[in-house]
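Per-entry structural report
Residues per chain are reported as follows:
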Amino acid sequence: MSILDPIESRSLSSGLAQRTIKNLSFIQNAHENGEDVHVVMQVVNSLLGLLVFPIEKESGFFSSFDSVTLGYPPDFGALRNRLGNFPPLPSLTILQFGNCGTLGQFFKRVRNAIAHRRLEFSSESHDLDKVAIHLSDAKPKQPVDWEITLNAQDLLQLCLYIANEVVNRNL
């Protein structure tokens, strides 16, 4: 997204995604300039907006990733070869990966973890690379069957990937 590109209506997911990218950049720059802002929370809040709000309205967006299969263990680095700009997520650690055979299911599990506040932070640091985030998901009244951990920097890259996909698809 260029500065000269028009910003879509905030009623559209693409407008929400454009504003998310803009706000993330602003918060990152403020952090780099020594401002007391919390970039880690901005990433989580951004994912909340990107994954929770649109998933109900544009379920087709996320189901379009159902054709992208993941092996076990999934090789997210290899997805770059298939999807071009998918982040490699080098810090990702998989503890359980139940019912997560596609990228669409992965996004839904991340969405559920964030929407249902099933996330834990390793520290109160404001630095993305110093905070590991543990995400988990389970069906209602069932034991957890999906757990991952990744650092906030990788979660930011995943967030930006989703935001750019929403913008590029003009949802």
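Scope of this entry: the structure provided in the associated data block. (Residues numbered from 1 in each chain as written. Predicted model: local features only at pLDDT ≥ 70, side-chain atom pairs only at ≥ 80, totals over all residues. Heavy atoms only, no water.)

**Considerations on the overall build of the protein chain**
Regarding its fold elements, the protein chain presents six helices and four strands. Helices and strands appear in the protein chain in the N-to-C order α-α-α-α-β-α-β-β-β-α. Rg of the C-alpha trace for the protein chain: 16 Å, near the compact-globule value of 16 Å for 171 residues, within the 12% margin. When its C-alpha atoms are laid out on the principal axes, the protein chain stretches across 45 × 35 × 35 Å. Within the protein chain, the proportion of its 171 residues that are buried is 45%. Counted over contacts in the protein chain with a minimum sequence separation of 6, partners at least 24 positions apart contribute 60%. (Helix = DSSP H or I, 4+ residues; strand = E, 2+ residues; numbered from the N terminus. Rg over C-alpha atoms; globule rule 2.2 N^0.38 Å. Buried < 20%, exposed > 50% of the residue type's maximum accessible area, 1.4 Å probe, protein only. Contact = heavy atoms within 4.5 Å.)

**Considering the environment of Ser-59**
Along the polypeptide, Ser-59 turns up in helix 3 (residues 59–63). Linking Ser-59 and Val-37, residues 22 residues apart in sequence, is a C-alpha distance of 33 Å.

**Quick notes on the nonpolar core**
Phe-76, Phe-106, Phe-107 and Ile-162 are the most contacted members of the largest nonpolar core, which has 50 residues in total. Sorting the residues of this core by element identifies helix 1 (13–32), helix 2 (39–57), helix 3, helix 5 (103–115), strand 3 (132–137), strand 4 (146–151) and helix 6 (152–168) as the ones contributing at least two each. Here this core gets 11 residues from one element, more than from any other, and that element is helix 6. The residues contacting Phe-76, other than those within four sequence positions of it, are Leu-70, Phe-86, Pro-87, Pro-88, Leu-89, Leu-92, Phe-97, Leu-103 and Phe-106. (Core = buried A, V, L, I, M, F, W, Y, C linked by side-chain atoms within 4.5 Å.)

**Things to note about the pattern of salt bridges**
Scanning the model with the defined rule gives four salt bridges in all. Between Lys-108 and Asp-66 there is a salt bridge; the shortest N-O distance is 4.0 Å. One end of the pair, Lys-108, is in helix 5; the other, Asp-66, is in the loop between helix 3 and helix 4 (79–83), and 42 residues separate them in sequence. Judged by its relative accessible area of 31%, Lys-108 falls in the partly exposed class. (Salt bridge = Lys/Arg side-chain N within 4 Å of Asp/Glu carboxyl O.)

**Observations regarding the packing of aromatic side chains**
For the structure on display, the rule yields nine aromatic pairs. Arranged with centres 5.1 Å apart and planes meeting at 85°, the rings of Phe-65 and Phe-107 form a pair that is edge-to-face. With Phe-65 in the loop between helix 3 and helix 4 and Phe-107 in helix 5, the pair connects residues that are 42 residues apart, well separated along the chain. Judged on exposure class, the residue Phe-65 and its partner Phe-107 are both buried. Among the aromatic residues, those joined into a cluster by ring pairs are Phe-65, Tyr-72, Phe-76, Phe-86, Phe-97, Phe-106, Phe-107, Trp-146 and Tyr-161. (Phe/Tyr/Trp six-rings, centres within 6.5 Å; stacked < 30°, edge-to-face > 60°.)

**Let's talk about the sheet that holds strand 4**
Pairing is antiparallel in the open sheet, where four strands are placed in the order 1-4-3-2. Bordering the open sheet on either side are strand 1 (93–97) and strand 2 (119–121), each of which pairs with just one other strand. Averaged over all adjacent pairs, the angle separating strand axes in this sheet is 15°, with direction ignored. Relative to strand 4, strand 1 runs antiparallel, the two being bridged by four bridges. Its bridge partner being in strand 4, Ile-94 is matched across the sheet by Ile-148. (Pairing = 2+ DSSP bridges. Axes fitted to C-alpha atoms, helices over the stretch in contact; angles between N-to-C directions.)

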